[in-house]
Structure formats: structure tokens, C-alpha cells
Amino acid sequence: MFYMRRHRSQIFFNSVRWRYVSITKLLNFCEKKSADFTVFSEEKIVMYSREKSLCMKGSTSALGHNLSVLKDTEKSTVSYGVVHKSVANVVTVAADGSNILMQRQVVVKEPTGHGSSSTMVMQMKYCDYPSRSLMVMACQRGIQVYDADGSVMLYWHSLVPPSSDEVSASFARGISTFQDCMLCIGTDSGNILIFDVPTRGANIVLREMLKGHTAPISCLFNKEDLLGSGDDSGKVVVWQHDVDSNSIQVLTTIDIQGCVI
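Residues numbered from 1 in each chain as written. Predicted model: local features only at pLDDT ≥ 70, side-chain atom pairs only at ≥ 80, totals over all residues. Heavy atoms only, no water.

From N to C terminus, the chain includes 2 helices and 20 strands. When burial is assessed residue by residue, the chain has 44% of its 261 residues classed as buried. When contacts within the chain are restricted to residue pairs at least 6 apart in sequence, those whose partners lie at least 24 apart make up 46%. Accessible area for the chain stands at about 14000 Å²; split by element, carbon and sulfur atoms hold 52% of it. (Helix = DSSP H or I, 4+ residues; strand = E, 2+ residues; numbered from the N terminus. Buried < 20%, exposed > 50% of the residue type's maximum accessible area, 1.4 Å probe, protein only. Contact = heavy atoms within 4.5 Å. Areas by Shrake-Rupley, 256 points an atom, 1.4 Å probe, with all protein chains shown as cover.)

Next comes the structure, spelled out in C-alpha cells:
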């Protein structure tokens with residue numbers, strides 16, 4: 001479990017590593033102590049421990065879902081990412097938290113390849129696939145896909161004419177992987193863009209556009225063959241991927257009060 005606190009212009013991450021207690025031991029304590037859960041402190045059972053804080057180079061915006069974590073078991077590293085205005089602040093540390101291996105500030109780019117301080121990043125998320133990991137930035141003018149460490153931009157999808165110099169009201173928000181080979185991104189129009197992600201290279205292709213919302217998408221989540229989407233009006237749509245037709249269809253919709261986050 002991870003949580004974040006803000007101090008001046010720096011971000012500190014605190015991670016909490018859970019230690020599991022067997023259900024048998026829990027039942028034995030409950031039976032012996034008449035289900036008084038204060039016995040955990042009496043018996044000195046440690047449920048979690050606080051690890052060392054990490055300092056990042058930049059601040060963070062007050063946005064929902066503004067923390068993404070990528071664990072690389074092969075390299076024994078953990079990467080953390082947050083966004084602030086037009087910048088994604090990322091830091092990679094050893095899995096045991098012993099030392100910082102890399103810190104980088106990724107500035108959102110325009111189609112020309114130059115950085116832009118006027119384009120806001122709405123969300124940044126690490127997307128972990130079976131064959132690769134990517135860093136995805138949902139921005140005010142479009143969508144940008146980088147390699148996992150943010151050093152190389154692999155793909156750009158514009159929501160406004162590339163020739164436009166104006167900051168548009170269009171934006172992307174809500175990021176999710178799907179079915180091990182798809183990338184799903186929500187937009188301000190309520191549409192969900194589905195991209196095919198290759199196992200390697202930069203040949204990311206727009207596959208289809210899902211239309212089930214009329215308000216801006218606020219969040220996306222997935223589980224197995226299901227994709228859930230929520231919007232600013234409180235509507236939730238559950239989509240299902242049909243293997244036979246290789247299409248994504250609406251399974252059910254739910255209307256609630258308030259924005260779905």
C-alpha cells in the first residue's frame with residue numbers, strides 16, 4: 001500500500017509493506033482473548049512497517065488518480081510517477097528502498113517534438129503488459145505514450161488539429177490496460193479510445209472508439225474480460241470483450257449521483 005504527502009515543492013512517498021498473519025493464528029487469539037482485537041498489541045504482532053520516504057524533484061497537482069506505481073520484478077525496482085501541470089515527475093528506486101536509481105521530469109511534448117509548458121497533463125499511468133511496460137500520459141491536447149522510464153516518446157495521438165497553437169478545451173482522462181494487448185483512454189467527449197499495443201516497437205494503432213457516455217470520462221478500470229468506465233455525470237458503463245467477434249460491447253449501465261472517480 002502506498003500513500004503520498006506533500007511538503008513545499010517536494011513529494012514524499014511512504015510505502016507500507018503488509019505482513020500477513022495466518023487465519024489460524026487469528027482464530028486462536030480470538031478464542032483465547034474472547035475476540036478482543038487489542039491482543040495484537042499485547043502479543044506484539046507487527047501487521048505492517050513504514051519504509052523510508054522518497055523525495056521527488058517536483059510538486060504534484062491536486063488531481064484524482066495522481067499516483068502510479070510500477071514494480072519490475074526482473075530488475076528488482078519500483079517506479080513512482082505523479083504529474084504537475086505539464087510535467088510528469090518519476091523516480092525509480094531499488095525494490096528494498098535502499099537507494100534511488102533514477103529521477104526524471106518528463107515534459108509533455110507537442111507533435112513537433114518540442115516541450116510545451118501550456119499543455120496540462122490530466123493523468124499519468126504506468127501500463128504493464130505481459131511483454132512490456134509503458135508510461136502513458138493523458139493530456140489536454142492528446143495522448144502520449146513513452147517507454148517505461150519516460151526517456152523516449154513512442155506514440156502521439158492528437159485530440160485537436162496538429163497545426164493548432166491554441167490550448168484546446170479537449171482533454172484525455174482515464175487510462176487502463178485491457179486484455180493484455182489493448183490500451184484504453186477516455187476523452188472529454190465521453191468516448192473511449194481503444195488502441196492495439198504491439199509486443200514491441202512503436203506501431204500503436206487506434207483500434208476502435210466506444211460510445212456509451214455523453215459526459216467527460218473520469219476513470220477507467222478493468223478486470224479480466226470486463227472494462228468499466230465512469231464519467232462526470234455519475235454514469236458507469238460495464239463493457240465486455242467478446243472473443244468470438246473480437247468486439248467490445250456494453251454489458252450493463254448504472255446511473256449514480258455525482259462524479260465517478
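Glancing now at the pairing of strand S17 (residues 217-223). The pairing of S17 with strand S18 (residues 226-231) spans 6 bridges and is antiparallel. Opposite Ile217, over in S18, you have Asp231 as the bridge partner. In textbook terms, the turn of a hairpin is the stretch between consecutive antiparallel strands, and for S17 and S18 this stretch comprises 2 residues, one of which, Glu224, has a positive phi near 55 degrees. (Pairing = 2+ DSSP bridges.)

Another point: the packing of aromatic side chains. Counting across every chain of the model gives 1 aromatic pair. Note on Tyr155 and Phe195: the rings are 5.7 Å apart at their centroids and 70 degrees apart in plane angle, and the pair reads as edge-to-face. Taken together, the residues Tyr155 in strand S12 (residues 153-158) and Phe195 in strand S15 (residues 191-196) connect sequence positions 40 residues apart. Residue classification places Tyr155 among the buried residues on the basis of a relative accessible area of 16%. (Phe/Tyr/Trp six-rings, centres within 6.5 Å; stacked < 30°, edge-to-face > 60°.)

Strand order across the open sheet formed by 4 strands is S13-S14-S15-S16, with antiparallel pairing between neighbours. Two strands close off the open sheet at either side, each with one partner strand: strand S13 (172-178) and strand S16 (205-211). Looking at each pair of strands side by side, their axes are set apart by 25 degrees on average, direction ignored. In this sheet, S16 lies alongside S15 in antiparallel orientation, the contact comprising 6 bridges. Each residue of the ladder has a partner; that of Asp196, found in S16, is Val205. (Axes fitted to C-alpha atoms, helices over the stretch in contact; angles between N-to-C directions.)

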